[in-house]
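Structural characterization, general
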Amino acid sequence: MSTTTMKTAPAPLTFNEQCYKLLSTVPKGKITTYKYLAEALGTKAYRAVGNAMNKNPYPRDLVPCHRVVNSDGRLGGYAGKTSEKIARLHDEGVEVFDGLIVDFKNKLHTF
DNA sequence: CGGTTGACCAAGT
DNA sequence: GACTTGGCCAACC
């Protein structure tokens, strides 16, 4: 068996990687929640999703972790300053008022 | 392999 | 409406 015909290592994506991949499908100007991400992955690991975002090693162009908010419509956390997250969202057309997403349900992206 | 840690969630006080 | 509690689940040590 040559290496070309050899099937490459399965390289199972970690839960984190799955989160990143899924999140990368969220279009600009829209947002999603930790809950929706988890559910879209077929699990209830809301917290694990948050952890994944915290450790996110990818640039925001690939994995826009700032587009992830709480399911209540609150801003949620951020690895950097919260004001930065707000600024980025504003830059993409998502208004934030007092730590709350304006028109949250309308901006929400569904998978 | 058991315990710890979260950018969470929902319900209760 | 702020605060506490229990639950949930993957990554890390």
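Quick summary incoming for the structure in this document. Predicted model only: the values in this text are computed from it and were never measured.

**Details of the protein's contact with DNA strand C**
The environment of DNA strand C is formed by T14, F15, N16, T43, K44, A45, R47, A48 and K55. In the interface set of DNA strand C, defined as its atoms within 4 Å of the protein, sugar plus phosphate atoms amount to 67%. Within the backbone of F15, an N or O atom sits 2.5 Å from a phosphate oxygen of DNA strand C. Within the side chain of R47, one N or O atom sits 3.2 Å away from a base oxygen of DNA strand C. Residue assignment for the surface near DNA strand C shows that the elements contributing at least two residues are α1 (15–23) and α3 (46–55). Here the surface near DNA strand C takes 3 residues from α3, the largest share from any one element. Per-class residue counts for the surface near DNA strand C are 3 nonpolar, 3 polar and 3 charged.

**Quick word on unusual backbone geometry**
Although it is not a glycine, D98 adopts a positive phi angle of roughly 55 degrees. Judged by relative accessible area, which is 66%, D98 ranks as exposed.

**Here's the deal with the pattern of salt bridges**
Using the criterion set out here, one finds 2 salt bridges in the structure. As a salt-bridge pair, R67 and E92 come within 2.7 Å of each other at their nearest N and O atoms. Note that R67 is positioned in the loop between α3 and β2 (68–69) and E92 in the loop between α4 (82–91) and β3 (96–97), a separation of 25 residues in sequence. On the accessibility criterion, E92 (16% relative accessible area) is buried. In this structure, R88 engages E84 in a salt bridge whose closest nitrogen and oxygen atoms are separated by 2.9 Å. Of this pair, R88 and E84 both sit in helix α4, 4 residues apart, which is roughly one turn of the helix.

**Here we look at the nonpolar core**
Grouped together as the largest cluster of nonpolar side chains are 14 residues, with contacts concentrated most on L23, L37, V49, M53 and V68. Where this core is concerned, the elements lending two or more residues are α1, α2 (34–40) and α3. When residues in this core are grouped by element, the largest group, 4 residues, is from α1. Not counting residues up to four positions away in its chain, the partners in contact with L23 are T32, L37, M53, V63, P64, C65 and V68.

**Some remarks on the protein's contact with DNA strand B**
Lining the immediate environment of DNA strand B, one finds 16 residues, of which K35, R47, M53, N54 and S71 sit closest. Among all atoms of DNA strand B positioned within 4 Å of the protein, those belonging to sugar or phosphate total 47%. A distance of 2.8 Å separates a base nitrogen of DNA strand B from a polar atom in the side chain of N51. Within the backbone of M53, a nitrogen or oxygen atom sits 2.7 Å from a base nitrogen of DNA strand B. For the surface near DNA strand B, the elements supplying multiple residues, two or more each, are α2 and α3. The element that contributes the greatest number of residues to the surface near DNA strand B is α3, accounting for 7 residues.

Basis of the calculations
Residues numbered from 1 in each chain as written. Chains lettered and ligands numbered in written order. Predicted model: local features only at pLDDT ≥ 70, side-chain atom pairs only at ≥ 80, totals over all residues. Heavy atoms only, no water. Near = heavy atom within 4 Å. Polar contact = N/O pair within 3.5 Å; in protein donor to acceptor, adjacent residues only side chain to side chain. Helix = DSSP H or I, 4+ residues; strand = E, 2+ residues; numbered from the N terminus. Nonpolar A, V, L, I, M, F, W, Y, C, P; charged D, E, K, R; others polar. Buried < 20%, exposed > 50% of the residue type's maximum accessible area, 1.4 Å probe, protein only. Salt bridge = Lys/Arg side-chain N within 4 Å of Asp/Glu carboxyl O. Core = buried A, V, L, I, M, F, W, Y, C linked by side-chain atoms within 4.5 Å. Contact = heavy atoms within 4.5 Å.

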